[in-house]
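Topology and contacts: notes
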Amino acid sequence: WRKLETSLVDRDNFEKSLSMYNRKFTSYLSRFFIHFEETRGLGYWRYKQSSLNPKLRPEEKDEYMRKALGEYALSLQYGLGSYTDPQGSTRLLQRLLTLYGGTPVARKQLLLAFSMLPGEMQPKALIK
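Described in the following lines is the structure provided in the data block. Given the structure is predicted, the values throughout are model-derived calculations rather than measurements.

Cut-off values and rules
Residues numbered from 1 in each chain as written. Predicted model: local features only at pLDDT ≥ 70, side-chain atom pairs only at ≥ 80, totals over all residues. Heavy atoms only, no water. Phe/Tyr/Trp six-rings, centres within 6.5 Å; stacked < 30°, edge-to-face > 60°. Helix = DSSP H or I, 4+ residues; strand = E, 2+ residues; numbered from the N terminus. Buried < 20%, exposed > 50% of the residue type's maximum accessible area, 1.4 Å probe, protein only. Salt bridge = Lys/Arg side-chain N within 4 Å of Asp/Glu carboxyl O. Axes fitted to C-alpha atoms, helices over the stretch in contact; angles between N-to-C directions. Parallel < 35°, antiparallel > 145°, perpendicular 65-115°, else oblique. Contact = heavy atoms within 4.5 Å. Core = buried A, V, L, I, M, F, W, Y, C linked by side-chain atoms within 4.5 Å. Polar contact = N/O pair within 3.5 Å; in protein donor to acceptor, adjacent residues only side chain to side chain.

1. Focus: the packing of aromatic side chains
Under the definition given, this model contains eight aromatic pairs. Here F25 and F114 contribute two aromatic rings whose centre-to-centre distance is 5.0 Å and whose plane-to-plane angle is 75 degrees, an arrangement assigned as edge-to-face. Residue F25 is located in helix α3 (residues 23-36), and its partner F114 is located in helix α7 (residues 104-114); the two are separated by 89 residues in the primary sequence. Under the relative-accessibility criterion, F25 is labelled buried at 0%. F114 sits in the buried class, given a relative accessible area of 0%.

2. Observations concerning the pattern of salt bridges
Taken as a whole and assessed by the stated rule, the structure comprises six salt bridges. Residue E71 pairs with K48 through a salt bridge whose shortest N-O separation is 3.9 Å. You can see E71 sitting in helix α5 (residues 58-79) and its partner K48 sitting in helix α4 (residues 38-50), a full 23 residues away along the chain. Taking the relative accessible area as the measure of exposure, E71 reaches 35% and is therefore partly exposed. In this structure, R66 engages E63 in a salt bridge whose closest nitrogen and oxygen atoms are separated by 3.1 Å. In this pair, R66 and E63 both sit in helix α5, three residues apart, roughly one turn of the helix. For R66, a relative accessible area of 52% puts it in the exposed group. You can call E63 partly exposed: its relative accessible area is 46%.

3. Describing the packing of α3 against α4
The N-to-C vectors of α3 and α4 enclose an angle of 95 degrees; their axes lie 6 Å apart at closest approach. By the angle between their directions, the pair α3 and α4 is classed as roughly perpendicular. Where α3 abuts α4, its residues F33, I34 and F36 lie against E38, G41, L42 and W45.

4. Focus on the nonpolar core
Ranked by size, the top nonpolar core spans 29 residues in total, and within it Y21 and F25 carry the most contacts. At the level of secondary structure, the elements contributing two or more residues to this core comprise α3, α4, α5, α6 (88-100) and α7. Excluding its chain neighbours within four sequence positions, the residues that come into contact with F25 are L80, L92, A113, F114, M116 and L117.

5. Topic: the side chain of T84
Mapped onto the secondary structure, T84 falls in the loop between α5 and α6. Residue class for T84 comes out buried when judged on its relative accessible area of 6%. Of note is the side chain of T84, whose polar atom sits 3.4 Å from the side chain of N13. There is a polar contact of 3.3 Å between the side chain of T84 and the backbone oxygen of G81. Contacts of T84, omitting those with residues within four sequence positions, involve N13, K16, S17 and M20.

6. Details of the environment of K108
For K108, the position within the fold is in helix α7. Note on K108: relative accessible area 60%, which makes it exposed. Distance in space between the C-alpha atoms of K108 and I127 is 9.5 Å, their sequence separation being 19 residues.

Structural data, given as structure tokens:
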């Protein structure tokens, strides 16, 4: 992981992804990856959980994990910069279905995530 400030090679696409992909979508997709993506999703989440100080109070642990989810969502938002062209959301959903859509549960969760996008951005041909 690199700091976001030092890795923003294409700031315009990142800025565009912020306006195209809303927070609800990005948060839901982050949770999807934490559940369905073994290495970078679940692996990251387990790493953050294992680095928790056991002496923290429950509310402090919750705050730490909320912050970790926010950091993960921001990283995902940066990656969405590769999908800011007019067919970006369609290409993204196609790619995710190929990688993770092998089970009915994962497919349903992906389609639900993409239904959270504004109507004009929803890949309607793929959301059936």
